[in-house]
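Descriptive analysis of the structure
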Amino acid sequence: MHQSLQAYWQAANYLGAAQLYLQSNVLLEHALDPDHVRKRILGHWGTQPGINLIYTHLNRIIRTTAANLLLVTGPGHGAPALFGNLYLEGSLGEANRRYEQSKEGIYNLIRDFSWPYGQPSHLRPFTPGQIQEGGELGYSLGHAYGAAFDHPDLIVACIVGDGEAETGPLAAAWHSNKYLNPVRDGAVLPILHLNGYKIGGLTLLSRLDEQALEALFRGYGYQPIFLELENENKIHEKAILAFDEAYSRIRTIQKTARAEGNNLAVNWPLIIMRSLKGWTGPESLHGKEVEGSFRSHGTPLENPRENKDEFEVLKTWLESYRPHTLFDEQGRPLDVVCQNIPATERQLGRSPYANGGSLLEPLRLPPLNSFSLKQKGQPGKSKASAMQVFANYLKAVFKENKELQHFRIMCPDELGSNKLDAVFEVTERVFSWPLESEDEDYSADGRVMEILSEHTCQAWLEGYLVTGHHGLFPCYEAFVSIVASMAHQFAKWLKVSRETEWRAPIASLNYLLTSHSWRQDHNGFSHQGPGFINTLLNQKKELINIYLPPDANSLLVVADHVLNSQDKINLIVASKQEMPQWLSLTRAKKHFKSGVSEWEWLSQGEAPELVLACAGDVPCQEAAAAARLLRQDFVHLDFRFLNVIDLLSLATDHKAGLSAEKFARLFGKDIPVVFAFHGYPNVIHQLIYDRPNPQRFKVHGYHEEGSTTTPFDMLVRNRMSRFHLAQSCLEQSGYKNTELYYDYKKAIAEHGVFIRQEGVDPDEIAGSL
């Protein structure tokens, strides 16, 4: 057995090194010469042998136990190792015939690495068996746990590099074991790979001795298993002991928990593997150590094509793997290598969990009319919290999908604050460690996951979605920007996934921002920031949707749509506060379908001289108040009132974008538009830049003017109060020099004096907020 393990490992190491330094497969024909060495400088050998050893022994576990395993690879430049292993098992060639096991296939594998339109040094959706890209570090362990939730038959092995282990998101993700239920969930086997160095410096955890590492990870709730591989002495004997012990512990934990119905977590195993950086590579070069130093991460052989000494080092290194004993003349692995490859359906590169869209079942959604608000009196007269209405809907979603167990909420400790706590009537927060008497709404069987780490929530949700489930991420608006970069990376993943033929669509990533910027008056400036809209607008338009429902029924309609959408990033922004209710359910459905609608009861006149538009619930409230002021105080001004629920309907390069004819019919062609917007004003200008006469849009929005103040003063400070909007309508229509304009200006000044004296908004204002 050890012979086949060594042969497989050597074959994978050879393929990894060949990808980095060769541009053909001529070594297999015993004819290596400088002409076949890459002209471009490549490197990143440092972590490849460790990944290959892990892959070798995961294969052995699968082959001997028929376990369902998924591998999450954290190290950023680990792609050559994965490509080599996937070539050996044949899954790479199945995904793309260009890499079939043949002379041409192995040539393409080696040549295409880090080549224009070839393969990058990071993993990507094209890579079979993978669920994360690995370019931006910090998320591998969160992804691994997300993949294990609600997959009881799955073990997710996660390679955590000691560089990645220094990131904040990864540090928080170690606590994910406290959310894993051994009865209903799968297992995660973290493999912390300590090789001592990053690109140019040491790594922190590698400098801790075994006693310190054991104390650290036992405190986190793991049982460390140490695998010391500082040289090649008995590496497979040591690895067999470590991996078999980890697998046995996992199965014992699961068997005991499932037999006894004990869903409280125990200490899960963790492998801590030490090996040399650049293991099996050149020991030294130009008088400097390479193996076991940071130099192996970069490009120690900078010019083997021209430098004869470097070429000889490269030749000796690659021939040390004896590829002629591992591959036939056509580039196919020999039997001694193939003995360590599992049966086709069990291979890591063919795991169905890595193509979660193939496992996806639709979410069962309840009928909206069971939860919608009935219209009472004139639009806007009644008030309600959209979040409380939506919470009742979510309760039903949990009930409808109880048997399928494929829907979760990931939220950074804010569900109650966001007025969604009604879901605790049907489920709880999940926590599988011991609880105390004062802990409310907690259970190891809960389906709400709360941790005060936006990074971990996002990573869990991404891992959960890409393995075939559905989810929702409610968050404070100002703090969701913590995961802006993660959203950007996930958009890249979705883009390439949609271009990869064999990847099935997955459930969309759904954000719900409800404690939003306009009603953070008591929390202050730090909690006021609508910039996540800008973040998403920088992504490919076909990947995103941004919805600003003006009331509860509109929110229900939007949610019903996004929860069963696929391959999208959906953003919903809605207040948790009691707000005016404008639309019946029937009207809300029509409004959502249109994206933009005229609200006739707030318009004035037959031939509009101006358009008063709004997007967002608070802007809608203020625009409606401004419309009432104008209808009361200035009947001579004809205007059309519009509400935008689908922000991308304003764009020309989005599927929801209004046609030129419809845009002109609603917004006119040359009349001024005063626009009250939830976020930064530049967003609207960005969306309409190629519409006719975009300069006629006067946009009011958030201008980074915040404080601990009253709700209405937030609007005043950012020049989006009803008085500012009414003034803007007068100004844009040529009526600035009127007594009414200055009456509104006086009202703004009087408000400032009042709140400084009384500490609250005037009753006539507060009653309408």
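Note that the structure is predicted; figures quoted are calculated from it, not measured.

**Concerning the sheet that holds strand E18 (residues 596–598)**
Taken in spatial order, the 5 strands make up an open sheet running E18-E20-E19-E21-E22, and their pairing is mixed. Across the chains shown, the open sheet's two edge strands, defined by having one partner strand only, are E18 and strand E22 (697–700). Strand after strand, the sheet turns through a mean of 20 degrees between neighbouring axes, direction not considered. The strands touched by helix H19 (residues 660–667) within the sheet are E18, strand E19 (610–615), strand E20 (639–644), strand E21 (673–677) and E22, with E20 carrying the most contacts at an inclination of about 130 degrees.

**Considering the environment of Trp-599**
Residue position: Trp-599 is located in the loop between E18 and E19. Residue class for Trp-599 comes out buried when judged on its relative accessible area of 0%. For Trp-599 and Asp-185, which are 414 residues apart along the polypeptide, the C-alpha to C-alpha distance reads 49 Å. Each residue touching Trp-599, except ones within four places of it in the same chain, is listed here: Pro-550, Trp-582, Leu-583, Arg-587, His-591, Cys-620, Phe-641 and Asn-643.

**Describing the pattern of salt bridges**
Considering all chains together, one arrives at 23 salt bridges under this definition. A salt bridge links Arg-350 to Glu-94; its shortest N-O distance comes to 3.3 Å. Of this pair, Arg-350 sits in the loop between helix H11 (335–338) and strand E8 (383–385) while Glu-94 sits in helix H4 (residues 91–95); the two residues are 256 residues apart in sequence, bridging distant segments of the chain. Judged by relative accessible area, which is 56%, Glu-94 ranks as exposed. Where Asp-185 meets Arg-184, a salt bridge forms, and the shortest distance between an N and an O atom there is 3.7 Å. Arg-184 sits in the buried class, given a relative accessible area of 12%.

**Structural notes on the environment of Asp-112**
Mapped onto the elements, Asp-112 comes out in helix H5 (residues 103–112). With 88 residues separating them in the primary sequence, Asp-112 and Ser-24 have C-alpha atoms 9.4 Å apart. The residues touching Asp-112, leaving out its near neighbours within four places in the chain, are Arg-38, Arg-98, Tyr-99, Gly-118 and Gln-119.

**Some points on the pairing of strand E2 (residues 154–161)**
The buried count for E2 comes to 8 of 8 residues, which makes it a mostly enclosed element. The two faces of E2 match: Leu-154, Val-156, Cys-158 and Val-160 on one face and Ile-155, Ala-157, Ile-159 and Gly-161 on the other face are all buried. Pairing of strand E1 (residues 68–73) with E2 involves 6 bridges; the strand directions are parallel. When the bridges of E2 are listed, Leu-70 appears paired with Val-156. Of the strand pairs in this sheet, E2 and strand E3 (residues 187–194) are connected by 7 bridges, and their pairing is parallel. Bridge pairing in E3 places Gly-161 opposite His-193. In this view, the connection linking E2 to its parallel neighbour E3 by way of helix H7 (residues 168–173) has right-handed handedness.

**Examining a negative patch on the surface**
Side chains of Asp-421, Glu-436, Glu-438, Asp-439, Glu-440 and Asp-441 sit close together on the surface and give a patch of like negative charge. Of note, Glu-440 is situated in the loop between strand E10 (429–430) and strand E11 (442–443). Its relative accessible area of 58% is what places Glu-440 among the exposed residues.

**Some thoughts on the packing of aromatic side chains**
This structure, assessed with the given rule, holds 31 aromatic pairs. Considering the side-chain rings of Phe-431 and Tyr-442, the 6.3 Å spacing of their centres and the 75 degrees angle between planes classify their relative orientation as edge-to-face. Highlighted residues: Phe-431 in the loop between E10 and E11 and Tyr-442 in strand E11, separated in sequence by 11 residues. On the basis of an interplanar angle of 65 degrees and a centroid distance of 5.7 Å, the ring pair of Tyr-680 and Tyr-702 is categorised as edge-to-face. Taken as a pair, Tyr-680 in the loop between E21 and helix H20 (682–688) and Tyr-702 in the loop between E22 and helix H21 (711–717) lie far apart in primary sequence, 22 residues in all. Summarising the burial analysis for this pair, Tyr-680 and Tyr-702 share the class buried. Every member of this aromatic cluster is reached through a ring pair, and the members are Phe-149, Tyr-179, Phe-431, Tyr-442 and Trp-460. Across from the ring centre of Trp-433, 4.6 Å away, lies the NZ or CZ of Lys-178, which sits over that ring. Lying across the ring of Tyr-442, Arg-429 places its NZ or CZ 5.2 Å from the centre.

**Remarks on helix H6 (residues 140–148)**
By the criterion of burial, H6 is predominantly enclosed, with 9 of the 9 residues buried. Of all the positions in H6, only Ser-140, Leu-141, Gly-142, His-143, Ala-144, Tyr-145, Gly-146, Ala-147 and Ala-148 are classed as buried. Those residues of H6 that are buried are in contact with E1, E2, H7, E3, strand E4 (222–229) and helix H13 (454–466).

**Digging into the state of the cysteines**
Under the criterion given, the structure shown has 0 disulfides. Residue Cys-411 stays outside any disulfide, its sulfur separated by 6.6 Å from that of Cys-457, the closest cysteine. As a non-bridged cysteine, Cys-620 has Cys-614 as the owner of its nearest cysteine sulfur, 4.1 Å distant.

**Some remarks on the side chain of His-516**
Along the chain, His-516 falls in the loop between strand E14 (509–513) and helix H15 (532–537). Since its relative accessible area comes to 1%, His-516 is described here as buried. Engagement of the side chain of His-516 in a polar contact is seen with the side chain of Asp-617, the distance being 3.0 Å. Excluding residues that lie within four positions of it along the chain, His-516 makes contacts with Glu-477, Val-573, Ala-574, Ser-575, Asp-617, Val-618 and His-678.

**Notes on the pairing of E3**
Of all 8 residues in E3, 8 are buried; the element is thus mostly enclosed. The alternating pattern of E3 places Ala-187, Leu-189, Ile-191 and His-193 and Val-188, Pro-190, Leu-192 and Leu-194 on opposite faces, both of which are buried.

About the cut-offs
- Residues numbered from 1 in each chain as written.
- Predicted model: local features only at pLDDT ≥ 70, side-chain atom pairs only at ≥ 80, totals over all residues.
- Heavy atoms only, no water.
- Pairing = 2+ DSSP bridges.
- Helix = DSSP H or I, 4+ residues; strand = E, 2+ residues; numbered from the N terminus.
- Axes fitted to C-alpha atoms, helices over the stretch in contact; angles between N-to-C directions.
- Contact = heavy atoms within 4.5 Å.
- Buried < 20%, exposed > 50% of the residue type's maximum accessible area, 1.4 Å probe, protein only.
- Salt bridge = Lys/Arg side-chain N within 4 Å of Asp/Glu carboxyl O.
- Right-handed = clockwise from strand over helix to strand, strands pointing away.
- Patch = residues over 30% accessible without salt bridge, like charges linked within 9 Å, V, L, I, M, F, W, Y side chains within 5 Å.
- Areas by Shrake-Rupley, 256 points an atom, 1.4 Å probe, with all protein chains shown as cover.
- Lys, Arg positive; Asp, Glu negative; His and termini not counted.
- Charge placed at Lys NZ, Arg CZ, Asp CG, Glu CD.
- Phe/Tyr/Trp six-rings, centres within 6.5 Å; stacked < 30°, edge-to-face > 60°.
- Lys NZ or Arg CZ within 6 Å of the ring centre and 35° of its normal.
- Disulfide = S-S within 2.5 Å.
- Polar contact = N/O pair within 3.5 Å; in protein donor to acceptor, adjacent residues only side chain to side chain.

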